[in-house]
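Coordinate analysis (summary)
These are the residues of each chain, in order.
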Amino acid sequence: MHEIKQIDALAELCGIPAHYIDAAGNPVTIEKDFKLNALKAMGVAAGNELEVQASIDGILRKQWSSLIPVVHVVHCGALFTVPVQVDEAHRNESLRGEIILEDNRSIPLAINLSELPEEDRLSVDQQERIRLLCPLPEDLPAGYHQLSVTLSAHQEADHHDSCRLIVAPQACYEPDILSFEQPGPTEKIWGVSVQLYTLRSENNWGMGDFSDLKQLVNKLGPQGADIVGLNPIHSLYPSNPLHCSPYSPSSRNFINPLYIDVTALQEYQDSAEIQQHVNSDDFLRQLQKARDSSHVEYDRVASLKFSVLEMAFSYFEKHASGQKASDQKESTNQSCKSADFSHYCEEKGQDLELQTTYEALFEHFRSRDINSWGWNCWPADYQDPDSPSVKDFVARSKERVRFYMYLQWLAEQQLAEAQQAAVESGMRVGIYRDLAVGVDRGGADVWAHRDDYVLNASVGAPPDTVAPQGQNWGLPPFNPNRLREQAYAPFIDMVYANMQHCAALRIDHVMGILRLWWCPPDKTADYGVYVNYPLNDLLGIIKLESQRQQCLIFGEDLGTVPPEIEAALPAAHCYSNEVVLFSRVEDHFLAPAKYKSRALTCISNHDIPTLRAWWNCNDLDLRQELGIYDWVRTEQEKVARHEDKLALLNTLADIGEAPYGVDPSDLNSMGYSRELMEKIHYYLGKTASKIIVIQLEDVLELDTPVNVPGTSSEYRNWSRKLTRTISEIFASEENRVLFKNLGLTRKA
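Residues numbered from 1 in each chain as written. Predicted model: local features only at pLDDT ≥ 70, side-chain atom pairs only at ≥ 80, totals over all residues. Heavy atoms only, no water.

A few points about the overall build of the protein chain
The helix and strand tally for the protein chain stands at 23 helices and 26 strands. The C-alpha radius of gyration computed for the protein chain amounts to 28 Å, which stays within 12% of the reference 27 Å derived for 748 residues, consistent with globular compactness. When its C-alpha atoms are laid out on the principal axes, the protein chain stretches across 80 × 75 × 55 Å. Within the protein chain, contacts between residues separated by at least 24 positions form 71% of all contacts whose residues are at least 6 apart in sequence. Taken as a whole, the protein chain presents about 31900 Å² of accessible surface, with 49% of it coming from carbon and sulfur. The positive charge centre, built from 68 side chains, and the negative charge centre, built from 106, are 4 Å apart in the protein chain. (Helix = DSSP H or I, 4+ residues; strand = E, 2+ residues; numbered from the N terminus. Rg over C-alpha atoms; globule rule 2.2 N^0.38 Å. Contact = heavy atoms within 4.5 Å. Areas by Shrake-Rupley, 256 points an atom, 1.4 Å probe, with all protein chains shown as cover. Lys, Arg positive; Asp, Glu negative; His and termini not counted. Charge placed at Lys NZ, Arg CZ, Asp CG, Glu CD.)

In structure tokens, the structure reads:
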């Protein structure tokens, strides 16, 4: 019993709670062995009673030894204080210091410790340590500042400390048209969410690209849409294009170069060599196959694009100085482009160098072994980014590393142009990006910043009715202790990067800023535990960056949402994520007025069947076909689905949107129809949510999913295209009427 109490105490110190509430609302006690798995993953010694006690003592000593914390976050609207820890013998001494603001202004501090309230105390190494709450000036501006303090009359290092002081605003940014805080009426807006790669056009090379995104916003803006949502566009693996899940990226701080529209490059237009290449019979045959396919053929698309991107880069490098230009104007333009590229590389600095070095190394080793899926497969001396072997490789491969830098530069330019096009088309928000919950363990982020991640654990979800053994997403979690030691720099960089060239950010599985479910290696997810993260600190950073970048924030809060998240997000003006198909209440769906106001609401999303598939139970048949359900489970789910459909029809009738001729008592009248699709969209349009988004899959009445959760090779996830081009979608009178009526319901 003594050992169990020790383990419980150690686990609590490491952020592992003793209990949690499951999806059914029942309390669950975490077993001792599960806690030990997580402690081992963190690198915390807990092999026996002596090790457990030594680990407890070491953590407490570390926590209490500093004068002030490494990083401290305060929030506007609350008292600004910072904890100060001293030996009790120093209780009557004074503290002096200063706050260096971001603009380099200095604010001096002089504090009598005897006047400060005591928050806590602990005996550490036979010394009584006390924690006091020190007030800070109340007029500190929001931002990243530096706080330094010294115990007066003491010059020793252990009596001097500094910390990053983060002052967060009260709430995230909201555009005036959505904000209750601004004068004037608020509005309810609508838009579209797309998986960018699914878009078809007359010009793309087999998958949607940033020019398609520009075309889409230019079509949607005049229809009255104000927002367009994207799947994560994070960097994947250029040399392994079949690794295509946007939620398992190599890096969350950079962009997938396959979204570059090669034909929009000036190099493409100017190079005779490129024009000869793309007009060859073989290239045109391959291009037509890529365009005609019902699914994105990533390997074919990558082969086509990279063959031209390499030629474009060579042309760019040859003409960068402007010396090869045919006239003065061209020379000036080329010199400006070269300077712009140099400035981009300088601004991105070491992070870009590490990212592109990784991509060059990945390409090098994969060319030797097709099964080399990440840095884990490389020779040991290349697994460390600081090793002499890596430095030698960079010296030998400067042009290839620079090529990958060029791709990132192009991708950012084209994304920025798409957002500018959205604004110019009349959209009052524009593009929102999607931030994945984690990164692939073999990717660039983990290779470059190994210590930031816990490699012996994977992010997932605890057991529930949908997944009785839980879910394991295979993504290594951020190490919460390391995050704090680095004053949250990795988190800040990630949030900042994903707020660029857009107007809003969707944070996938936003509960992760409070806690993540860690799954142990070689075991199912039901052996996992929750590990806590510093909610108020991470949310403070999101609020600060949101205001600075003027970026609206959505938190994907589907599933089991702990009360701390339910309390924190609305107060921070972080929008919730509501899904119509999850909103049944007994024999009805939620009344439109009952939906959350600060919410991004949709009918379904990438993990849910299309509306047509849901109505016709195609998703249930598919799950049986894939072996996820047996026949009995499928039939049970179909009975439940029929009840869902009846409840939805009841709701449509209540709001005056009952589809003509549909009689719930007559199964023959219950078929799916265009009118039914439109009526459900008008129900969505009438919800109280400030923002709704629709899926083009539903407008086109597709019945195949873009993703089937829980599958990998069993189904072609993340590749199914739309069945019509963007031009065809907007040439349809039916679609234009739907968009117009949707806008009218938003204004009603």
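Read on for the rest.
Description of the pairing of strand S10 (residues 160–168)
Both strand S3 (residues 71–75) and S10 contribute to a ladder of 5 bridges, which runs parallel. Bridge pairing in S10 places Val71 opposite Arg164. Where strand S9 (residues 143–151) and S10 come together, 8 bridges link them in antiparallel fashion. Following the sheet pairing, Tyr144 is matched in S10 by Ile166. (Pairing = 2+ DSSP bridges.)

Considerations on unusual backbone geometry
Positive phi, normally seen in glycine, also occurs at His573, with a value near 60 degrees. Turning to its location among the elements, His573 is positioned in the loop between helix H16 (563–571) and strand S22 (576–579). Residues other than glycine seldom take positive phi values, yet Trp718 does so here, at roughly 60 degrees. As for its placement among the helices and strands, Trp718 is situated in the loop between helix H21 (696–699) and helix H22 (726–731). The exposure class of Trp718 is buried, given its relative accessible area of 8%. (Buried < 20%, exposed > 50% of the residue type's maximum accessible area, 1.4 Å probe, protein only.)

Let's talk about the pattern of salt bridges
A full pass over the atoms with the stated rule returns 36 salt bridges. Here Asp434 ties to Arg506 by a salt bridge, and the two come within 2.9 Å at their closest N and O atoms. Separated by 72 residues along the polypeptide, Asp434 in strand S15 (residues 430–435) and Arg506 in strand S18 (residues 504–507) bring together distant segments of the chain. Of the two residues examined, Asp434 and Arg506, each falls in the buried class. We note a salt bridge from Asp537 to Arg484, for which the minimum N-O separation is 3.2 Å. (Salt bridge = Lys/Arg side-chain N within 4 Å of Asp/Glu carboxyl O.)

A look at the packing of helix H20 (residues 674–685) against helix H23 (residues 733–747)
One way to put it is that H20 packs onto H23 with a least axis distance of 9 Å and a crossing angle of 25 degrees. The orientation of H20 with respect to H23, classified from their angle, is roughly parallel. By crossing handedness, the relation of H20 to H23 is classed as right-handed. Along its contact with H20, which presents Arg674, Met677, Glu678, His681, Tyr682, Leu684 and Gly685, the element H23 presents Glu734, Asn735, Val737, Leu738, Asn741, Leu742, Thr745 and Arg746. Each residue belonging to the contact of H20 with H23 can be placed in one class, and the counts come to 6 nonpolar, 5 polar and 4 charged. (Axes fitted to C-alpha atoms, helices over the stretch in contact; angles between N-to-C directions. Parallel < 35°, antiparallel > 145°, perpendicular 65-115°, else oblique. Left-handed = near helix turned anticlockwise from the far one by under 90°. Nonpolar A, V, L, I, M, F, W, Y, C, P; charged D, E, K, R; others polar.)

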